[in-house]
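# A look at the structure
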Amino acid sequence: MWRRLGRTGLVAVALAALLLAGCGGGSSSSSGNAGSSGGTGQQQSTGAGTASSQAGGTITIGINADPPNLDPAGSTALVDRYVQNSIFDKLYDVDANLKVVPVLAASLPEISADGKTYTIHLRQGIQFTDGTPFNADAVIYNLKRYMSPDSARHSELSFVSDVQKVDDYTVRIVLSKPFSPLLYTLTDRAGMMGSPAAIQKEGANFGQHPVGTGPFMFESRIKGDQIVLVRNPHYWQKGLPKADKVVWKVVTDDNVKVVNLKAGQLDIIDTVPAQSVGDLQSNSAFRVDIGPGLGFQGLYLNVQQPPFNNVYLRRAVDLAIDRAALVKVVFGQTADPGYGPFPAGTPAEAASGTPPAVDLAKVKQLLAQGGHPNGFTFTLKIATSPVNQQVAQVLKNMLAQAGITMNIQQEEFGTLLDDSTKHNFQASALGWSGRPDPDGNIYSWFYTGGSLNDSGYSNPKVDQLLDQARATSDMTQRVALYTQVMEIIHQDVPYVYLYFPKNVKAFTAQLKGFVNVPDGIIRTAQLGK
C-alpha cells in the first residue's frame, strides 16, 4: 500500500539530467495499447494536462483507500495528495517531464550564491476560496506551520531556519546550510498553501474543512465512501477547471474498481491489477497508461522491540525473500523487483543495489546467530486490499521455507498508518509513492527522529551522510553518499525493500486531459468528458 498511503533508457537519461541540472526534464510516461488521451506532451505553467475537453460534468475517480488526512501539515498518504492537489495550489509543481514550474510563485526562485537564501516572488490577485487574500503573509504562515516539530513536513524543511517577508508579494527563505532538494520539496505538500484564516478557525479540524486556492473546493465527505469537490468559480487560471465536480470514490478492491470502470460508474482508477491490464488494453472503450514510478514498496521492521530489535533476524527475513518471484506472481509488467528507495530511471538508482539471491543456508546461519536456530514468529500488519493480502501470502510462504512464521493482520488503512506512526507493530507493509529528488525517498525514513522513520532506526553515521547529501549540489557526489547510506541500511535492515510499482492508470476513452505524471498524482483541473 502506498504510504502515507507511495522505462526506458531515455527516461533514465532525462531524469538524471533533470536532477543534475536542478530542474530539467525528460519524457516520463509510456502508454498502454491504446495510449493516454492527454499524452505526455508539453505542459502549461501549472503542470496540468493540455488536451482540450468540454467544460462541465462530473469526474469520478476510484482510489484504493480512504484519505486519512486532508491537512497538508499532517498528511502522510498518497490518497491524501490526490485530493489535496485539487484543493490546494502549491508554490511550484512538476510537469509530466518532472520539470519544476511556478504555480502560486510568479517565477522560479532567485537563489543566493552561497545557496542559503531563496527569494520567491508571488502571483498577485489570488484569493483563497474563503475570500481571504493569498500573499506573503499567507506563505510565511503556512511554511512556519510546516516547520513545526509537530508537522509531518518538519523533516522536509529541517534546513529552513527562517521565512521572511520582503514585501506583500515576496518572501525570502533562509537556510541553515545549502539544501539542494528545496525546490522539489516545494512542489509537494510543503508547498501547498492553505487559508490561514481557515486554519486558525478550524484548528485540528482543518483537514475536515480544507480551504486553498485550488481549482476545486471541498463540498462534502462520507467517511470510507467518497469525497466531493466542486468547481472553484473564481479560480485564477482562466478556463479551468474543466469539470464542475470531482468525486473521489473509495474502492479498496482493485478488481471491483475495474468492474466499476467498465460499468461506467468510475471515469478513472488509480491502480490496475496486473491481470486486468491486457483486458482493458484490448477494449477500445478504455485507455491504460503505464508510466515509470518514483516510489517503492516494502516492510517496516520495528527495531525497538522483539523480535526485530535483533539485527540477525532482520537480515534473515531480508535474505529469505525472492523479489523477482514476488513480482512475477503478483504484479507482472506493473512492477519491478526492488532493493532500495530509488527506482530505475531515477538519478540515484545505482545506490539502491541489486536484490540478493535467496540463500536459505545463510538464512539458517543468521537465525542461529540471532539465537533462534529453529526460526521465530512475527506479525505483519497490512492494509485490507486483495493485492496486499496476496503479497503477504506470498511472503508468508517464502519465509516458511526458512523456518520463519509470519502471521498476517489486516487493518483499515488509516489504522495501519496510525499504528505504524506510533511504532505499534512488529512489521508493517507500507511503501512510498516517491519524489523526484532522491532526498524525498530516503531522508525522513532513516534519519533519527525523521517523520517517516517508523522503524525507530537511529545511526549517527547514516544521519551524517544524509545531511551531507542534502547540502551537496553535485548529483554524482550525492549518489556516492546515498550508496554509502544504503550499504549500511542493507546491513542494518530497518526496512525490507520489495518492489518498485509502475505508475498504472486506467480510464474511460471519453475522458480528456489526463496526463500520467511520474509522481502518480491525478491532476484534475484539465480533466473533462
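For the structure itself, consult the block above.
Bear in mind the structure is a predicted one, so any value in this text is a computation, not a measurement.

### Brief notes about the overall build of the chain
Each helix and strand in the chain was counted, giving 16 helices and 20 strands. Put simply, the chain has 529 residues, and 60% of those count as buried. Carbon and sulfur atoms make up 49% of the accessible area of the chain, which amounts to about 18,300 Å² in all.

### Points about the packing of helix H6 (residues 254-262) against helix H7 (residues 274-281)
For the pair H6 and H7, the least separation of the axes is 10 Å and the interaxial angle reads 15°. Between H6 and H7, the crossing angle belongs to the class labelled roughly parallel. Here H6 and H7 pass one another in a crossing that is left-handed. Where H6 abuts H7, its residues Asn-255, Val-258, Leu-261 and Lys-262 lie against Gln-275, Ser-276, Asp-279 and Leu-280. Along the lines of polarity and charge, the residues of the contact of H6 with H7 split into 3 nonpolar, 3 polar and 2 charged.

### What to know about the packing of aromatic side chains
The tally for this structure, following the rule as stated, stands at 22 aromatic pairs. Measuring from ring centre to ring centre gives 5.7 Å for Tyr-235 and Trp-236, while their planes differ by 55°; the resulting arrangement is tilted. Measuring from ring centre to ring centre gives 4.9 Å for Phe-308 and Phe-378, while their planes differ by 70°; the resulting arrangement is edge-to-face. Residue Phe-308 is found in the loop between strand E14 (297-301) and helix H8 (311-319), and its partner Phe-378 is found in strand E16 (residues 377-382); the two are separated by 70 residues along the sequence.

### Concerning the pairing of strand E20 (residues 503-508)
With respect to burial, E20 is a largely interior element, 6 of its 6 residues being buried. As paired elements, strand E12 (residues 268-269) and E20 share 2 bridges and run antiparallel to each other. Looking across to E20, one finds that Ile-268 is bridged to Phe-507.

### Topic: the sheet that holds strand E7 (residues 160-167)
Note on sheets: strands pair through backbone hydrogen bonds, and any given pair is parallel or antiparallel. The strand order across the open sheet formed by 4 strands is E5-E6-E8-E7, and the pairing between neighbours is antiparallel. Looking at the sheet topology across the chains shown, the edges are occupied by strand E5 (110-111) and E7. Strand direction decides the pairing type here: E5 and strand E6 (residues 117-121), joined by 2 bridges, are antiparallel. Note that in E6 the partner of Glu-110 across the bridge is Thr-119. Running at roughly 175° to E7, helix H3 (residues 136-147) makes contact with E7 and strand E8 (170-175) of the sheet.

### With respect to the sheet that holds strand E15 (residues 335-337)
Strand order in the open sheet formed by 6 strands is E15-E19-E14-E18-E16-E17, and the pairing between neighbours is mixed. Each edge of the open sheet carries a strand with a single partner, namely E15 and strand E17 (405-410). Adjacent strand axes in the sheet meet at a mean angle of 25°, parallel and antiparallel pairs treated alike. Judged from the 2 bridges that link them, E16 and strand E18 (residues 427-429) form a sheet pairing that is parallel. Bridge pairing in E18 links Leu-380 to Ala-427.

### Concerning H8
What H8 keeps buried is the set Leu-313, Arg-314, Ala-316, Val-317, Asp-318 and Leu-319. You can read the cap of H8 off the contacts: a side-chain oxygen lies 3.0 Å from the backbone nitrogen of Tyr-312, and it is on Asn-310.

### Considering the environment of Asp-225
Inspection of the secondary structure puts Asp-225 in the loop between strand E9 (216-222) and strand E10 (226-231). As a C-alpha pair, Asp-225 and Thr-252 span 27 residues in sequence and 10.0 Å in three-dimensional space. Not counting chain neighbours up to four residues away, the residues in contact with Asp-225 comprise Trp-248, Lys-249 and Val-250.

### Describing the pattern of salt bridges
Scanning all chains against the criterion turns up 24 salt bridges. The partner of Lys-223 in a salt bridge is Asp-66, and the shortest N-O contact between them spans 3.5 Å. Taken together, the positions of Lys-223 in the loop between E9 and E10 and Asp-66 in the loop between strand E2 (58-63) and helix H2 (78-87) put the pair 157 residues apart, joining distant regions of the chain. Overall, the relative accessible area of 7% leaves Asp-66 in the buried class. Residue Asp-254 is joined to Lys-257 by a salt bridge in which the shortest nitrogen-to-oxygen separation is 3.2 Å. Of the two residues, Asp-254 and Lys-257 both sit in helix H6, 3 residues apart, roughly one turn of that helix.

### Remarks on the environment of Tyr-339
Note on placement: Tyr-339 falls in the loop between E15 and helix H10 (349-352). A C-alpha to C-alpha distance of 5.8 Å links Tyr-339 and Ser-352, two positions 13 residues apart in sequence. Looking at Tyr-339, its side chain comes within polar contact range of the side chain of Asp-318, at 3.5 Å.

### Quick word on the nonpolar core
In terms of nonpolar packing, the biggest core is built from 102 residues, with Leu-91, Phe-134, Ile-173, Trp-248 and Phe-446 touching the most fellow members. The contacts of Trp-248, once residues within four sequence positions are left out, are Ile-61, Ile-63, Tyr-82, Val-83, Ser-86, Asp-225, Gln-226, Ile-227, Leu-229, Ile-522 and Thr-524. Grouped together as the second largest cluster of nonpolar side chains are 36 residues, Leu-326, Leu-366, Phe-378 and Val-496 included.

### What to know about the packing of H8 against helix H16 (residues 475-492)
The interhelical angle for the contact between H8 and H16, taken along N-to-C directions, is 100°, at an axis separation of 8 Å. The angle between H8 and H16 falls in the class roughly perpendicular. Residue-level contacts link Val-311, Arg-314, Arg-315 and Asp-318 of H8 to His-490, Gln-491 and Asp-492 of H16. A class-by-class count of the residues in the contact of H8 with H16 yields 1 nonpolar, 2 polar and 4 charged.

### Notes on unusual backbone geometry
Following Leu-240, the chain continues to Pro-241 via a peptide bond in cis, the omega torsion being -5°. You can see Pro-241 is positioned in the loop between E10 and strand E11 (245-250). Cis peptide bonds are those with omega within 30 degrees of zero, and the linkage from Pro-306 to Pro-307 qualifies with 0°. Along the polypeptide, Pro-307 turns up in the loop between E14 and H8. Despite not being glycine, Leu-98 shows a phi value in the positive range, around 65°. Within the secondary structure layout, Leu-98 lies in the loop between strand E3 (92-94) and strand E4 (100-102). Using a relative accessible area of 1% as the deciding quantity, one classes Leu-98 as buried. Unusually for a residue other than glycine, Val-493 sits at a positive phi of about 50°. Within the secondary structure, Val-493 sits in the loop between H16 and strand E19 (495-501).

About the cut-offs
- Residues numbered from 1 in each chain as written.
- Predicted model: local features only at pLDDT ≥ 70, side-chain atom pairs only at ≥ 80, totals over all residues.
- Heavy atoms only, no water.
- Helix = DSSP H or I, 4+ residues; strand = E, 2+ residues; numbered from the N terminus.
- Buried < 20%, exposed > 50% of the residue type's maximum accessible area, 1.4 Å probe, protein only.
- Areas by Shrake-Rupley, 256 points an atom, 1.4 Å probe, with all protein chains shown as cover.
- Axes fitted to C-alpha atoms, helices over the stretch in contact; angles between N-to-C directions.
- Parallel < 35°, antiparallel > 145°, perpendicular 65-115°, else oblique.
- Left-handed = near helix turned anticlockwise from the far one by under 90°.
- Contact = heavy atoms within 4.5 Å.
- Nonpolar A, V, L, I, M, F, W, Y, C, P; charged D, E, K, R; others polar.
- Phe/Tyr/Trp six-rings, centres within 6.5 Å; stacked < 30°, edge-to-face > 60°.
- Pairing = 2+ DSSP bridges.
- Polar contact = N/O pair within 3.5 Å; in protein donor to acceptor, adjacent residues only side chain to side chain.
- Salt bridge = Lys/Arg side-chain N within 4 Å of Asp/Glu carboxyl O.
- Core = buried A, V, L, I, M, F, W, Y, C linked by side-chain atoms within 4.5 Å.

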